[in-house]
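Examining the three-dimensional arrangement
Each chain is listed here by its residues.
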Amino acid sequence: MRLTKFEHSGLLLEEDGRKLFVDPGGFTSPLTDTANAVAVVITHEHADHWTPEQLNRVLDLSPDVKIFAPEGVAKAAADFVITVVHAGDTVEAGPFTLRFFGGRHAVIHESIPVVDNLGVLINDQLYYAGDSFFIPEGVEVDVLAAPAGAPWMKISETMDYVLAVKPKRAFPIHEMVLARAGKDMANGRLQWATEQGGGTFYALEPGDSLDL
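To keep things clear, this report deals only with the structure shown in the data block. These numbers come from a predicted model, not from an experiment.

Procedures and definitions
- Residues numbered from 1 in each chain as written.
- Predicted model: local features only at pLDDT ≥ 70, side-chain atom pairs only at ≥ 80, totals over all residues.
- Heavy atoms only, no water.
- Buried < 20%, exposed > 50% of the residue type's maximum accessible area, 1.4 Å probe, protein only.
- Helix = DSSP H or I, 4+ residues; strand = E, 2+ residues; numbered from the N terminus.
- Pairing = 2+ DSSP bridges.
- Core = buried A, V, L, I, M, F, W, Y, C linked by side-chain atoms within 4.5 Å.
- Contact = heavy atoms within 4.5 Å.
- Axes fitted to C-alpha atoms, helices over the stretch in contact; angles between N-to-C directions.
- Phe/Tyr/Trp six-rings, centres within 6.5 Å; stacked < 30°, edge-to-face > 60°.
- Expected span 1.5 Å × (residues − 1).
- Arc of directions from axis to C-beta.

Each regular strand displays side chains that alternate between the two surfaces of the sheet. The two faces of strand 7 (residues 90-93) differ: Val-91 and Ala-93 on one face are buried, but Thr-90 and Glu-92 on the other face are not. With four bridges connecting them, strand 7 and strand 8 (residues 96-104) associate as antiparallel partners. Across the sheet, Glu-92 pairs through a bridge with Thr-97, a residue of strand 8. Remark: two residues form the turn of the hairpin made by strand 7 and strand 8, two consecutive strands paired antiparallel; Gly-94 in that turn has positive phi of roughly 60 degrees.

Here it is as structure tokens:
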């Protein structure tokens, strides 16, 4: 399986010629090569994690694609056929096994509603918690998508998250809210936290890939 990181929280997983897109939102460049997609996972309803335009770009070339998301996304994306999933669910989509965890977005501020949010474990290798620090119980995480910057977090929280998960490998995600200097600073902190558990940190930039 190959992972390609897009801007912000957008990911592409490829296995046996099939594709899985995760959280292609408004900070991610318009998707182009979307043929042979079997699934899209949307962790929550915020626009930096999905847009109608991005979903339509996938559907244009892969009209049979399945879209998996929590109930909040199904309400926000009422014009699309959404397969609602919940924490504890496991689904199959082509060569991809998807296990879902968590349930709620991290708190941004008491004035902002907390929305549905699901983490996803893909093929028992890659774990991405969406906008949360939910740790999947009983899972040894091979590759962790670690948030680098967001209104709902500070870097010490992500460092503690990485220290708790102890992934074999990690890379930054959710970083388009940061300037270059901020990205470099976050990468340094996340590299340190990853190495404390014996893992390796990969400072992936948009377009970079990693074989899992």
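Moving on, we come to the nonpolar core. Counting 28 residues, the largest nonpolar core has Leu-13, Leu-98 and Ile-122 as the members making the most contacts within it. Counting 18 residues, the second largest nonpolar core, distinct from the first, contains Leu-121, Tyr-127, Val-162 and Ala-170.

Within the open sheet, the seven strands sit side by side as 7-8-9-10-11-12-13. Their pairing is mixed. The sheet is open, and its two borders are formed by strand 7 and strand 13 (200-201), each paired with just one other strand. Bridge count for strand 11 (residues 143-147) against strand 12 (residues 169-173) is five bridges, and the pairing is parallel. In the strand pairing of strand 12, Val-143 is matched with Arg-169. Contacts between helix 3 (residues 155-165) and the sheet are confined to strand 10 (126-128) and strand 11, with strand 11 contributing the most and set at about 165 degrees to the helix.

The full count for this structure, using the stated rule, is four aromatic pairs. Relative to Phe-80, the ring of Trp-50 lies with its centre 6.4 Å away and its plane at 85 degrees, an arrangement referred to as edge-to-face. Here Phe-80 lies in the loop between helix 2 (71-76) and strand 6 (83-84) and Trp-50 lies in the loop between strand 4 (37-41) and helix 1 (52-61), a separation of 30 residues in the sequence. Accessibility classification places Trp-50 together with Phe-80 in one group, the buried group. Taking the centre distance of 5.9 Å and the plane angle of 85 degrees together, the rings of Phe-101 and Tyr-127 count as edge-to-face. Here Tyr-127 lies in strand 10 and Phe-101 lies in strand 8, a separation of 26 residues in the sequence. Note on Tyr-127: relative accessible area 0%, which makes it buried.

For Val-58, the position within the fold is in helix 1. Taking the relative accessible area as the measure of exposure, Val-58 reaches 0% and is therefore buried. Residues Val-58 and Ala-129 lie 71 residues apart in sequence; the distance between their C-alpha atoms is 22 Å. Discounting residues that sit within four places of it in the chain, Val-58 has contacts with Phe-21, Leu-31, Thr-34, Ala-37, Val-40 and Val-65.

Taking 1.5 Å per residue as the helical rise, helix 4 (residues 180-196) with its 17 residues ought to reach 24 Å, and the 25 Å between its terminal C-alpha atoms agrees with that figure. Looking only at helix 4, the buried set comprises Lys-183, Ala-186, Asn-187, Leu-190, Ala-193 and Thr-194. Buried residues along helix 4 cover an arc of 130 degrees about the axis, so they all sit on one side. Of the residues in helix 4, the exposed ones pointing more than 90 degrees away from the buried face are Ala-181 and Met-185. Where helix 4 ends, the next residue or the one after it, Gly-198, has phi of about 85 degrees, a positive value.

From the geometry alone we can't say anything about function, so treat these as descriptive.
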